[in-house]
Amino acid sequence: MIKKLLFICCFSSVFFATAQNTPKEFRSKTITLTKDTLFLENTSINSQRFKILNNNNTVISPSEYQIDFSKARLIINAKKHSKITVHYFVFPEFITKTYQAYNDSIIVPNTSNTKKLYSLTTNKTTTKTNLFEGLETKGSLIRGITIGNNQNSVVNSSLDLTIQGKLSKDIAIRANIFDTNIPLQENGYSQSITDFDRIFMELEHKNWRVKAGDLDLKNNESYFMSFSKKVSGLEVEARNENINALASGAIVRGRFTSFIFTGKEGNQGPYKITGQNQTTNLIIVSESDVLYMNGTVLKRGKDKDYTIDYNTAEIRFNTTFPVTSDMRFHLDYQYSDRNYTRFVTYEKASYNSEKFNINGYFYNENDVKNQPIQQNLTANQKQILANAGNDSDKMISESAYREPYSDTKILYKKTIANAVESFEYSTNKTDELYSVSFSYVGINNGNYTLDKTIAIGNIYKYVGINNGNYNPVIRLIAPTKSQVIVVNSEYNPTEKTALFAEVAFSNNDANLFSTIDDDQNKAMAAKIGWQQILIDKKWQLKSDVNYEFVQKNFNTEQGWEPVEFNRDWNLLTNNATKNYFQSEFTLQNKKEDFILYRFNHLSYVDAFNGNKHELKSKLNSNKTTFFVDGSFLKNTSTLEDNSFFRAKTKAEHSLKKSWIGAFLNFETNSRKNINTQNYINTSHRFKEYEGYFGIGDSTKIFAKVGFNYRNNDSIKSNQFKEINNRKTFYIDSKL
């Protein structure tokens, strides 16, 4: 009996040990499904004993999935089964293994290079690393020769090289090198050959970015500190999911300024761009210009609205953009300034979350007053600047100094007539001669005028006190400093509510040599806003309330107000503390139809007070679009009592393959003297009518014909009277 029990125990232990030994071909995988199709193995699998369990360990019916055993591909509904467990067997390795007579990795290509030795065996483990994988370079190199009958032969060259790709798996590179070697010509405007060179390089990682060379510093996120600046330097940025930090330092390539002019009827240009004090010798920093026409941005390019010659500072309008006398142009640009070495730093830090954002910005641009470039200031001239404060009219110095006679120079002698000393052109070697520089000071603000121009320069003549446009002086350029600090934040407590706030501080010193008027340097500004969705159904009703406060003397280099802000409000001056309130209601649907009403109140302390009502709408009905944009302003200032009415309406109906439309534009600006109530000559009124018909697709191929009529009224005998009218027939097409 004992022998039988021992036999049964031994047999049972062997049986259970054998049962617990799982075959090595068996596989069990638990998979969280993100898509319907997945591959279980790289080779075929066994169809025997295949089953799938759901999340509750219940066997899933084969009717609920598809399996291709030869490709080990399983198709199952991932939405119904989020997690599964698969049991199956793979084939033994000797069945799925690839057999071949030769190993491809040791076969040497058949080439003509029989001198190269190959090692068929090695004990070293080799790894293949592809440096600069995907790095692409392209560009051009040009050589040319210029020959003329009045100049020597010169060689021109240009290089345009672009590099783009990856330095490693995580680091990308982008670079551009542009160099144009243009010889400087006599009487040209080129100040330095570096004006034609551009070098740019950028390294980027998902967590950081580095830019170097010719950069374009920009800020479009701040209300008060919106700017774009062309510089040469370094910019470093670090970022993660919520925090972003940026720092940059550079040498400024140009100084910002504006040029305002009115179009001439039928004159496409060129229009000469002048700088401060009517300076004409300008080098405009390329691609720094923004041109507005009646407040609308125009496009630059040969096939767009206008072109600009940066070297000669001239604007030409293309024939597709006919110029009329009622076009007001405003050009913002940067020009090459070589008076002082000028540095700029710009820093930014931001934190962004789902409901709360906060950003901080610091902008600092200043001249190095002890490193002048174009002007060598004497001790006396520095004292003149120190005594001038912020008054540019006092920053002038006598330009005359003793000079021996020379045939290649224009020299003057001093003369006295009626107790007035003046300079007179002289070629007499025995006279006491002076070298004199003349500066433009404005019409009838000077004592000299341009007499004639000879080969070696201009000759000026004395014409009496305030009878000319020039004086024998030089304008001294003072070093300046501009600093702006901005902090803004946005809070969205709900999906229908948004709160915004921004605070700014500016420190602008117009003369670093002087402490006079330094109390005018610092000022603050602030803006707060509240947006609320009141109704959110088929039509959405939204409100937007904003308040802006700006202290007197607050300023940023490129400003923050629209270019036609003063005209829109009939402002004579805005050099006072500003209070600006806006309240807006917008009703719109998902088809982009909307009706907007806005109330505006603007006041400058002791200078201006005005209220403006605005109405805008765009509605579509049965292939017909209606557009309305109107406003009415009532304002008073220390000198004027005004009202300003503006209205634009447009209706356009789409046919099967064509469209027809009409446009009306009215404007009446009644400006009266606050004391006499008589019209001021700057009052104006016009009415414009237009009708047109088009065939085709206005975004692709089309032809359009139209007629435009406009009449302009001005003040004569204290009432509006027509001064001119214009009739225009036009054809516009795109093929």
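About the thresholds
- Residues numbered from 1 in each chain as written.
- Predicted model: local features only at pLDDT ≥ 70, side-chain atom pairs only at ≥ 80, totals over all residues.
- Heavy atoms only, no water.
- Helix = DSSP H or I, 4+ residues; strand = E, 2+ residues; numbered from the N terminus.
- Buried < 20%, exposed > 50% of the residue type's maximum accessible area, 1.4 Å probe, protein only.
- Contact = heavy atoms within 4.5 Å.
- Areas by Shrake-Rupley, 256 points an atom, 1.4 Å probe, with all protein chains shown as cover.
- Pairing = 2+ DSSP bridges.
- Polar contact = N/O pair within 3.5 Å; in protein donor to acceptor, adjacent residues only side chain to side chain.
- Phe/Tyr/Trp six-rings, centres within 6.5 Å; stacked < 30°, edge-to-face > 60°.
- Lys NZ or Arg CZ within 6 Å of the ring centre and 35° of its normal.
- Salt bridge = Lys/Arg side-chain N within 4 Å of Asp/Glu carboxyl O.
- Patch = residues over 30% accessible without salt bridge, like charges linked within 9 Å, V, L, I, M, F, W, Y side chains within 5 Å.
- Axes fitted to C-alpha atoms, helices over the stretch in contact; angles between N-to-C directions.
- pLDDT = per-residue confidence, 0-100.

Remarks on the overall build of the protein
- Within the protein, the secondary structure is distributed over 4 helices and 45 strands.
- Looking at the protein as a whole, 34% of its 735 residues qualify as buried.
- In the protein, the proportion of contacts linking residues at least 24 apart, taken out of those at least 6 apart, comes to 58%.
- Counting every atom, the protein has about 45,600 Å² of accessible surface; 53% of that belongs to carbon and sulfur.

Some thoughts on the sheet that holds strand S14 (residues 255-262)
- The antiparallel open sheet is built from 4 strands, whose spatial order is S14-S20-S16-S17. Here the strands that pair on one side only, and so sit at the sheet edges, are S14 and strand S17 (296-297).
- For strand S16 (residues 290-293) and strand S20 (residues 328-335), the ladder comprises 4 bridges, and the chain directions are antiparallel. Across the sheet, the residue bridging to Leu291 is Leu331, located in S20.

Looking at helix H3 (residues 379-388)
- Considered for burial, the residues of H3 that qualify are Gln381, Ile384, Leu385, Ala386 and Ala388.
- The inward-facing, buried residues of H3 contact strand S21 (340-352), strand S23 (396-398) and strand S32 (473-475).
- With its phi angle positive at about 65°, Gly389 sits one or two positions after the end of H3.

Description of the environment of Ser643
- Checked against the element boundaries, Ser643 lands in strand S41 (residues 640-654).
- Note: C-alpha distance between Ser643 and Ser670 (27 residues apart in sequence) is 5.3 Å.

Here we look at the side chain of Asn488
- Looking at the secondary structure, you find Asn488 in strand S33 (residues 481-494).
- A polar contact is formed between the side chain of Asn488 and the side chain of Glu502, at a distance of 3.0 Å.
- Asn488 has contacts with Glu221, Ser222, Asn357, Ile358, Asn359, Tyr361, Phe500, Ala501 and Glu502, leaving out every residue within four places of it along the chain.

Structural notes on the packing of aromatic side chains
- Inspection of the entire model under this criterion finds 35 aromatic pairs.
- Ring geometry for Phe50 and Tyr88: centres 6.5 Å apart, planes at 45°, overall tilted. Taken together, the residues Phe50 in strand S3 (residues 45-53) and Tyr88 in strand S6 (residues 83-90) connect sequence positions 38 residues apart. Pair check on accessibility: Phe50 and Tyr88 agree, each one buried.
- Following the ring pairs from residue to residue traces out a cluster consisting of Tyr412, Tyr425, Phe438, Tyr440, Tyr448, Tyr460, Tyr462 and Tyr470.
- Positioned over the ring face of Trp569 is Lys612, at 4.6 Å from the centre of the ring.
- Geometry around Phe686 places Arg710 over its ring, the cationic atom sitting 3.7 Å from the centre.

Here's the deal with the pattern of salt bridges
- As enumerated under the stated definition, the model contains 36 salt bridges in all.
- In this structure, Lys80 engages Glu64 in a salt bridge whose closest nitrogen and oxygen atoms are separated by 3.5 Å. A residue pair is termed long-range when its members are at least 10 positions apart, and Lys80 in the loop between strand S5 (73-76) and S6 and Glu64 in the loop between S3 and strand S4 (65-68) qualify at 16 residues.
- One network of salt bridges, with partners in common, ties together Arg174, Glu202, Glu204, Arg209, Glu235, Glu237 and Arg239.

Looking at a nonpolar patch on the surface
- Among the surface-exposed residues, Leu534, Ile535, Phe585, Leu587, Ile595, Tyr597, Leu615, Leu619 and Phe626 lie close enough to one another that they form a single nonpolar patch of about 730 Å² accessible area.
- For the nonpolar patch, the secondary-structure elements that each account for two or more residues are strand S35 (522-536), strand S37 (578-589), strand S38 (594-604) and strand S39 (608-621).
- Along the chain, the position of Phe626 falls in strand S40 (residues 624-637).

Notes on the sheet that holds S5
- The antiparallel open sheet is built from 3 strands, whose spatial order is S2-S5-S4. Among the strands making up the open sheet, the edge pair consists of strand S2 (37-39) and S4. Within this sheet the neighbouring strands show an average axis-to-axis angle of 15°, counted without direction.
- Bridge analysis of S2 against S5 gives 3 bridges, and the strand direction is antiparallel. Each bridged residue has a counterpart across the sheet, and for Thr37 the counterpart in S5 is Ile75.

Here's the deal with the environment of Asp451
- Tracing the backbone shows Asp451 in strand S29 (residues 448-454).
- With relative accessibility at 39%, the residue Asp451 sits in the partly exposed group.
- As a C-alpha pair, Asp451 and Tyr462 span 11 residues in sequence and 9.1 Å in three-dimensional space.
- If we ignore the near neighbours within four places in the chain, the residues touching Asp451 are Ile459, Tyr460 and Lys461.

Structural notes on the pairing of strand S18 (residues 306-309)
- Here S18 shows one buried face, formed by Tyr306 and Ile308, and one open face, formed by Thr307 and Asp309.
- Relative to strand S19 (residues 314-317), S18 runs antiparallel, the two being bridged by 4 bridges. Residue pairing for S19: Tyr306 is matched across the bridge by Phe317.
- The hairpin formed by S18 and S19 contains 4 residues between the paired strands, and Ala313 there has a positive phi angle of roughly 60°.

Examining the environment of Ser422
- Looking at where Ser422 falls in the secondary structure, it is placed in strand S26 (residues 420-425).
- Spatially, the C-alpha atom of Ser422 lies 9.0 Å from that of Asn447, the residues being 25 residues apart in sequence.
- Once residues within four sequence positions are removed from consideration, Ser422 is found in contact with Lys413, Lys414, Thr415, Tyr448 and Tyr462.

Some thoughts on unusual backbone geometry
- Each neighbour pair has its own omega, and for Gly269 with Pro270 the value is 10°, a cis peptide bond.
- For Pro270, the location among the structural elements is in the loop between S14 and strand S15 (271-272).
- One non-glycine residue, Ala313, lies in the positive phi region at around 60°.
- As for its placement among the helices and strands, Ala313 is situated in the loop between S18 and S19.
- The exposure class assigned to Ala313 is buried, which follows from its relative accessible area of 0%.
- Even without glycine at this site, Glu592 takes up a positive phi of about 70°.
- Here Glu592 is to be found in the loop between S37 and S38.
- Judged by its relative accessible area of 58%, Glu592 falls in the exposed class.

Quick word on the confidence of the model for the protein
- Averaged over all residues, the pLDDT of the protein is 85; the fraction at 70 or higher stands at 88%.
- In this model, residues 1-20 is a region of pLDDT below 50 whose contacts with residues beyond four sequence positions or in other chains number 0 contacts.
- Confidence drops under a pLDDT of 50 for residues 117-129, and excluding neighbours within four residues, the segment shows 3 contacts in the predicted structure.

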